[in-house]
Amino acid sequence: MSDSSITVLPFIQAIKDTINNHADEIAHLDQAIGDGDHLINLQRGVDALLNNSDALKQLDFSAALSKIGMTLMSTMGGASGSLFGSMFVTMGKTAKDKQIDSQTVSDIFTAGVESIKARGKAGMGEKTMLDTLIPASSSLQQSISNGVELSVALEDMKKAAIDGMESTKDMLATKGRASFLGERARGHIDAGARTSQLMLCAIADCIIEK
Ligand code: ADP
Ligand code: MG
């Protein structure tokens, strides 16, 4: 992977497709234990990115990530808009002046997840998107540092994301709107955990298919 070969647009399109393919499910998850707007927030964010596709095409990887972050922050809305916005702004800063290879992509992703932890003041086991993102980024870091081939590392990351997403079902929520529900939140998968998993799997599949 070299910087010049990375264009973010196919990834954004793959994310739009997976969100649209799971639209009803995503809407229902946030209706069950949130306020029902997570699907619309995500669609608004992705559409804003695609409306900026000409500008994004001109930018290098680092600048494109930063622009994605700022666009999400200013358009998406909801807790997830500020969290994903912050993640991409941080990933843009982390990517600056770096030679892009498997290790740096993994480091950039990990830095993005750390920024969500800091901004959301949350960690594992709180029934949020972090229950998908933390195990996925840890899995990728471990695979890459062990020299595992990229396509295998990405398949393992997908599995970690799916296991993490499913683990939210039996959790009590301690962050976000679902935390107001106490025991009633149990039995439902967290919407942000599911959409983070869908997006990670879509991005991984894009890279694997290349
Ligand atoms: P809102 O909660 O403002 O309606 P969304 O519905 O778009 O925003 O996003 C909700 C998702 O955001 C939740 O499903 C959860 O995964 C995530 N989330 C909410 N609060 C936090 C937090 N403090 N830390 C991490 N993720 C959070
Ligand atoms: Mg919501």
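Residues numbered from 1 in each chain as written. Chains lettered and ligands numbered in written order. Predicted model: local features only at pLDDT ≥ 70, side-chain atom pairs only at ≥ 80, totals over all residues. Heavy atoms only, no water.

Chemist: So what's going on with the site of ligand 1? Residues and values would help.
Modeler: The full set close to ligand 1 counts 19 residues, and Asn 41, Ala 79, Ser 80, Met 129 and Asp 190 are the nearest of them. Within the contact set of ligand 1, an oxygen atom lies 2.9 Å away from a side-chain nitrogen or oxygen of His 38. Alone, ligand 1 offers 560 Å² of accessible surface; in the complex the protein occludes 91% of this. Taken together, the elements giving at least two residues each to the shell around ligand 1 come down to helix H3 (38-51), helix H6 (78-95) and helix H10 (191-209). When residues of the shell around ligand 1 are assigned to their parent elements, the largest contribution, four residues, is made by H6. Split into classes, the residues belonging to the shell around ligand 1 amount to five nonpolar, eight polar and six charged. (Near = heavy atom within 4 Å. Polar contact = N/O pair within 3.5 Å; in protein donor to acceptor, adjacent residues only side chain to side chain. Areas by Shrake-Rupley, 256 points an atom, 1.4 Å probe, with all protein chains shown as cover. Helix = DSSP H or I, 4+ residues; strand = E, 2+ residues; numbered from the N terminus. Nonpolar A, V, L, I, M, F, W, Y, C, P; charged D, E, K, R; others polar.)

Chemist: Can you explain the confidence of the model for the protein chain? Please cite residues and give values.
Modeler: When pLDDT is averaged along the protein chain, the result is 95, and 98% of the positions lie at 70 or above. Confidence over residues 1-5 falls short of pLDDT 50; this stretch has ten contacts with residues more than four positions distant or in other chains. (pLDDT = per-residue confidence, 0-100. Contact = heavy atoms within 4.5 Å.)

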